[in-house]
Number of protein chains: 2
Amino acid sequence: MDKKSQQPKNPADKKIRRRRKEARPGEIIEAGLQEFAERGFASARIEDVAARAGIAKGTVYRYFENKEALFEAAVRSRVIPIFDQLTIMIDTYPGTAEELLRILFKTIYQKLITPDVRILMRLIIAEGARFPQITEFYYQEAISKGQKILRKIVERGIENGEFRQGPVSAEPMVLVAPGIMAAIWKMTFDAHYPLDLNRFLEAHIDLVFNGLKQS
Amino acid sequence: MDKKSQQPKNPADKKIRRRRKEARPGEIIEAGLQEFAERGFASARIEDVAARAGIAKGTVYRYFENKEALFEAAVRSRVIPIFDQLTIMIDTYPGTAEELLRILFKTIYQKLITPDVRILMRLIIAEGARFPQITEFYYQEAISKGQKILRKIVERGIENGEFRQGPVSAEPMVLVAPGIMAAIWKMTFDAHYPLDLNRFLEAHIDLVFNGLKQS
DNA sequence: TGTATTAATGACCCAGAAGTCATTAATAGT
DNA sequence: ACTATTAATGACTTCTGGGTCATTAATACA
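In this text, all values refer to a predicted model and were calculated from it rather than measured experimentally.

Enquirer: Go over the overall build of chain A with me, naming the residues and quoting the values.
Expert: In terms of helices and strands, chain A carries eleven helices and zero strands. Secondary structure elements of chain A, listed N to C terminal, follow the sequence α-α-α-α-α-α-α-α-α-α-α. Radius of gyration (C-alpha) of chain A: 21 Å, far over the 17 Å computed for a compact globule of 215 residues. Each principal axis of the C-alpha atoms in chain A carries an extent, and together these give about 70 × 35 × 35 Å. Burial status across chain A gives 50% buried among its 215 residues. For chain A, restricting intrachain contacts to residue pairs at least 6 apart in sequence, the fraction spanning at least 24 positions comes to 67%. As presented, chain A carries roughly 11,200 Å² of accessible surface, and 51% of it is formed by carbon and sulfur atoms. Averaging the coordinates of the 34 positive side-chain charges in chain A and doing the same for the 28 negative ones gives two points 8 Å apart.

Here it is, written out as structure tokens:
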């Protein structure tokens, strides 16, 4: 496909091999992630990964035991530090719980619904059943942290009288569900029936803070 | 695996072949759906499908051109008539829009989050990119109908003063998002971190009708 | 500049699975 | 009962793609 036309040094730049021990793993992981996302684990071909990384097939195996090892490394490499940043912010944020929740929602729509993260979600949903360690890892590194953040914000809101105690505060994941749904939509039907993320975020916030009912 | 021990007629019931032209397609589809759900399209083996259906591999090909054709047939066979039933009910239902929405939510949690439907969702998410016709079909037959129902209920609620007009009513999918999220959770993290569907449904309803805020 | 080290290569091997088809045998019709 | 029809079979062919390893050549170091 794209023929490594990055630095066309000489006209016949066919096979000037380069030794780049340090840079390879990252490049292979990046290429692998793309291929796995496009084709799924089973259909992704190591030869294509290699081509994408600009190396020969055998080179992949100098850095990763086998296809599974590459898959695991690829998924792990992408679990994002978003939540860690947020955790710190929450404890120091001076404003109201409502403001914090709004920030969290916006962050979800900006950071979590990017193509990069959607790739991960798709892989977890599609291949998770066959890679339980990865599912577990992803839960520990991302989901559980997100849950903690949510709980903290909701508790804070209850303590200072902003939020109600009740079924919602007992199951705070309902609050972010629209964000998850938006991500799913983007990776399935969006090509045919595009979703306006801004409008959806607005609806999401409106639902959470104002409810559906006439007041 | 399970060695067809259904009707152990005689001790050596090895290969008494039966001719059942009419029953085969359905049985093969059912078997295919199971295999595709467990392994994904690429990893599912036709021989396993055949074994599961209690026939030889070649027989599968007497009824389906190839693996893809079987996959399409399998997914199509399962698009559920839930929404059609609901559509009729809505126009004749005498109660309030709130009652209708509650019924819709309960139906989602009872019908849509069953293993059978989750299988479909997983396949659409996992394989949809490579089978655009299937995604399109699924959208037309299920999603768009669900959207219509939602819109109808919300409009009715607005007309009779139950619901507010605003961002939520403009993007009513936010209202069912927790249901979708629950389905996703069930197919990914539920084994490790089980979700209590009843409690979640309660939270969902509480969010939609009461919002999060202290009133 | 010569040599040792080792990163990189890609032809090759081979397991596994899709799809074929000549053969077998269940059933319908007479 | 006999026979024609065709559903069902599974050994076989073919191809794809994971993984190997002897060979090549880039780089470090003397």
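Further notes follow.
Enquirer: Could you give an account of the domain arrangement of chain A, naming the residues involved and the relevant values?
Expert: Many authors give the size of an interface as the accessible area that is lost as the parts come together. Residue and element names in this part refer to chain A. As far as domains go, chain A holds domain 1 (24-76) and domain 2 (79-210). Computed from C-alpha atoms alone, the centre-to-centre distance between domain 1 and domain 2 is 29 Å. On the side of domain 2, eleven residues touch domain 1, which itself brings ten residues to the contact. In this assembly, domain 1 packs against domain 2 so that about 1,200 Å² is buried in total across both faces, 71% of it on carbon and sulfur atoms. Viewed at the interface, domain 2 and domain 1 are joined by zero salt bridges. At the boundary of domain 1 and domain 2, one finds three residue pairs in polar contact (both at pLDDT 80 or more). Sorting the residues of the side of domain 1 that touches domain 2 by element identifies α1 (24-43) and α4 (67-77) as the ones contributing at least two each. A class-by-class count of the residues in the side of domain 1 that touches domain 2 yields six nonpolar, one polar and three charged.

Enquirer: So what's going on with the interface of chain B and chain A? Which residues, and what values?
Expert: With 62 residues of chain B at the interface, the matching set in chain A holds 62 residues. Taken together, both faces of the contact between chain B and chain A bury some 5,700 Å²; the carbon and sulfur share is 67%. Together, Ile125, Arg164 and Leu212 of chain B form the three largest contributors to the area buried by chain B at its contact with chain A, with a combined 14%. Across the pair glutamate 171 of chain B and arginine 199 of chain A runs a salt bridge, and its minimum N-O distance is 3.0 Å. The tally of links from chain B across to chain A stands at 20 residue pairs in polar contact (both at pLDDT 80 or more). Counting residues per element, the ones that place at least two in the side of chain B that touches chain A are α1 (24-39), α6 (97-112), α7 (115-127), α8 (132-159), α9 (167-170), α10 (177-188) and α11 (197-210) of chain B.

Enquirer: Which residues make up the packing of aromatic side chains, and what values do they have?
Expert: According to the stated counting rule, one finds 20 aromatic pairs over all chains in the structure shown. The interplanar angle of 80 degrees and the centroid separation of 6.1 Å between the aromatic rings of tyrosine 139 of chain A and tryptophan 185 of chain B together place this pair among those described as edge-to-face. Of the two residues, tyrosine 139 of chain A sits in helix α8 (residues 132-159) while tryptophan 185 of chain B sits in helix α10, which places them in two different chains. We note that tyrosine 139 of chain A, like tryptophan 185 of chain B, is buried. A centroid spacing of 4.7 Å and a plane angle of 40 degrees characterise the contact between phenylalanine 71 of chain B and phenylalanine 131 of chain B, whose relative ring orientation is tilted. Remark: phenylalanine 131 of chain B occurs in the loop between α7 and α8 and phenylalanine 71 of chain B occurs in helix α4 (residues 67-77); sequence separation between them is 60 residues. One exposure class covers both phenylalanine 71 of chain B and phenylalanine 131 of chain B, and it is buried. Taken together, the aromatic side chains of Tyr138 and Tyr139 of chain A together with Trp185, Phe189 and Tyr193 of chain B make up a single cluster linked through ring pairs. Between the NZ or CZ atom of lysine 67 of chain B and the centre of the ring of phenylalanine 41 of chain B, over which it lies, the distance is 4.9 Å. The positively charged end of arginine 76 of chain B is found above the aromatic ring belonging to phenylalanine 137 of chain B, 4.3 Å away from the centroid.

Enquirer: Help me get a handle on the relation of the copies chain B and chain A, residues and values and all.
Expert: Here chain B sits on chain A after a turn of 180 degrees about the axis and a move of 0.0 Å along it, with an RMSD of 0.1 Å. Accordingly, the operation relating the two chain copies is best matched by a two-fold axis. Nearest to the rotation axis, the C-alpha of glycine 211 of chain B is located 2.1 Å from it, this being the minimum over chain B. The residues that chain B uses at the interface reappear at the interface of chain A in 100% of cases, marking a shared surface.

Enquirer: How would you sum up the protein's contact with DNA strand D? Please name residues and give values.
Expert: Of all residues adjacent to DNA strand D, which total 22 residues, the nearest are Arg19 and Lys57 of chain A together with Arg20, Thr59 and Tyr63 of chain B. A distance of 3.4 Å separates a base nitrogen of DNA strand D from a polar backbone atom of glycine 58 of chain B. For the surface near DNA strand D, the secondary structure elements donating two or more residues are α3 (57-63) of chain A together with α3 (57-63) of chain B. Taken together, the residues of the surface near DNA strand D break down into six nonpolar, three polar and 13 charged.

Enquirer: Mind laying out the environment of phenylalanine 137 of chain A, listing which residues take part and the relevant values?
Expert: Residues and elements named next belong to chain A. Within the secondary structure, phenylalanine 137 sits in helix α8. On a C-alpha basis, the gap between phenylalanine 137 and valine 79 in space is 9.1 Å, while along the polypeptide they are 58 residues apart. Excluding residues that lie within four positions of it along the chain, phenylalanine 137 makes contacts with Arg76 and Val79.

How each quantity is defined
Residues numbered from 1 in each chain as written. Chains lettered and ligands numbered in written order. Predicted model: local features only at pLDDT ≥ 70, side-chain atom pairs only at ≥ 80, totals over all residues. Heavy atoms only, no water. Helix = DSSP H or I, 4+ residues; strand = E, 2+ residues; numbered from the N terminus. Rg over C-alpha atoms; globule rule 2.2 N^0.38 Å. Buried < 20%, exposed > 50% of the residue type's maximum accessible area, 1.4 Å probe, protein only. Contact = heavy atoms within 4.5 Å. Areas by Shrake-Rupley, 256 points an atom, 1.4 Å probe, with all protein chains shown as cover. Lys, Arg positive; Asp, Glu negative; His and termini not counted. Charge placed at Lys NZ, Arg CZ, Asp CG, Glu CD. Domains from an automatic or database assignment. Buried area = accessible area lost by both parts, 1.4 Å probe. Salt bridge = Lys/Arg side-chain N within 4 Å of Asp/Glu carboxyl O. Polar contact = N/O pair within 3.5 Å; in protein donor to acceptor, adjacent residues only side chain to side chain. Nonpolar A, V, L, I, M, F, W, Y, C, P; charged D, E, K, R; others polar. Phe/Tyr/Trp six-rings, centres within 6.5 Å; stacked < 30°, edge-to-face > 60°. Lys NZ or Arg CZ within 6 Å of the ring centre and 35° of its normal. Least-squares fit on C-alpha atoms with pLDDT ≥ 70 in both. Near = heavy atom within 4 Å.

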